[in-house]
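Results of the structural survey
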Amino acid sequence: KGYLGDDLNAWKKHDATELVKSGKKTKNPILVDQGTRDEYLETQLVPENFIAACKQTGQAASVNYREGYDHSYYFVATAIGSHIKFHAQYLGSR
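Here is what the cut-offs are and how they apply
- Residues numbered from 1 in each chain as written.
- Predicted model: local features only at pLDDT ≥ 70, side-chain atom pairs only at ≥ 80, totals over all residues.
- Heavy atoms only, no water.
- Helix = DSSP H or I, 4+ residues; strand = E, 2+ residues; numbered from the N terminus.
- Buried < 20%, exposed > 50% of the residue type's maximum accessible area, 1.4 Å probe, protein only.
- Contact = heavy atoms within 4.5 Å.
- 1 Å grid on protein atoms, 1.4 Å probe; cavity = no way out; pocket = protein on both sides within 12 Å on 5 of 7 lines; lining within 4 Å.
- Points joined across faces, edges and corners; volume = space filled by probe spheres on them.
- Nonpolar A, V, L, I, M, F, W, Y, C, P; charged D, E, K, R; others polar.
- Arc of directions from axis to C-beta.
- Salt bridge = Lys/Arg side-chain N within 4 Å of Asp/Glu carboxyl O.
- Polar contact = N/O pair within 3.5 Å; in protein donor to acceptor, adjacent residues only side chain to side chain.
- Pairing = 2+ DSSP bridges.

Quick look at the environment of Tyr40 now. Looking at the secondary structure, you find Tyr40 in the loop between β1 (30-35) and α3 (41-45). Looking at Tyr40, the relative accessible area reads 30%, which means it is partly exposed. Separated by 30 residues in sequence, Tyr40 and Asp70 have C-alpha atoms that sit 8.8 Å apart. The residues touching Tyr40, leaving out its near neighbours within four places in the chain, are Leu45 and His71.

Shown next, in the form of structure tokens:
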């Protein structure tokens, strides 16, 4: 509410799951890296809902669960290399 106000419907235009459900797609696959000890995993992130929406709409996506990681800088520092490699496949030299 601190960022987007009280109108839950207004939140949908900023929610990845809701965007995919509404038909927003990309031709490239989406990569999600998720720590299994993330304090927001069960209450806010819920990647299972995102993956279900992707399957329902035909959006290619995968979730990489990283055992024991939380929502910290250390997680980002650990995962960033694989993300750069992943995105480089689709960005090419522009």
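Back to the text.
This part covers the layout of surface pockets. Space inside the largest pocket adds up to approximately 720 Å³. Lining the largest pocket are 25 residues, and of these Asp15, Ala16, Thr17, Gln44 and Leu45 sit closest to its centre. Looking at the lining of the largest pocket, its residues break down into 11 nonpolar, seven polar and seven charged.

Among all positions of helix α4 (residues 47-57), only Pro47, Phe50, Ile51, Ala53 and Cys54 are buried. Viewed end-on, α4 has its buried residues packed into an arc of 160°, placing them on one side of the element. Across from the buried face of α4, at angles greater than 90 degrees, the exposed residues are Lys55 and Gln56. Each element contacted by the buried residues of α4 is listed here: α2 (16-21), β1, α3 and β2 (61-66). One or two residues past the end of α4 sits Gly58, with phi positive at roughly 80°.

For the structure on display, the rule yields two salt bridges. Ionic pairing is found between Arg66 and Asp33, a salt bridge with its closest N-O pair at 2.7 Å. Placement of the pair is Arg66 in strand β2 and Asp33 in strand β1, with a sequence separation of 33 residues.

Next up on the list: the side chain of His83. Here His83 is to be found in helix α5 (residues 73-91). Residue classification places His83 among the buried residues on the basis of a relative accessible area of 18%. In this structure the side chain of His83 is engaged in a polar contact, spanning 2.7 Å, whose partner is the side chain of Asp33. With sequence-adjacent residues up to four places away left out, His83 is seen in contact with Leu31 and Asp33.

Here we take up the pairing of β1. Counting buried positions over the six residues of β1 gives five, a clear majority of the element. When β1 meets β2, the two strands line up parallel, connected through six bridges. Residue pairing for β2: Gly35 is matched across the bridge by Arg66.

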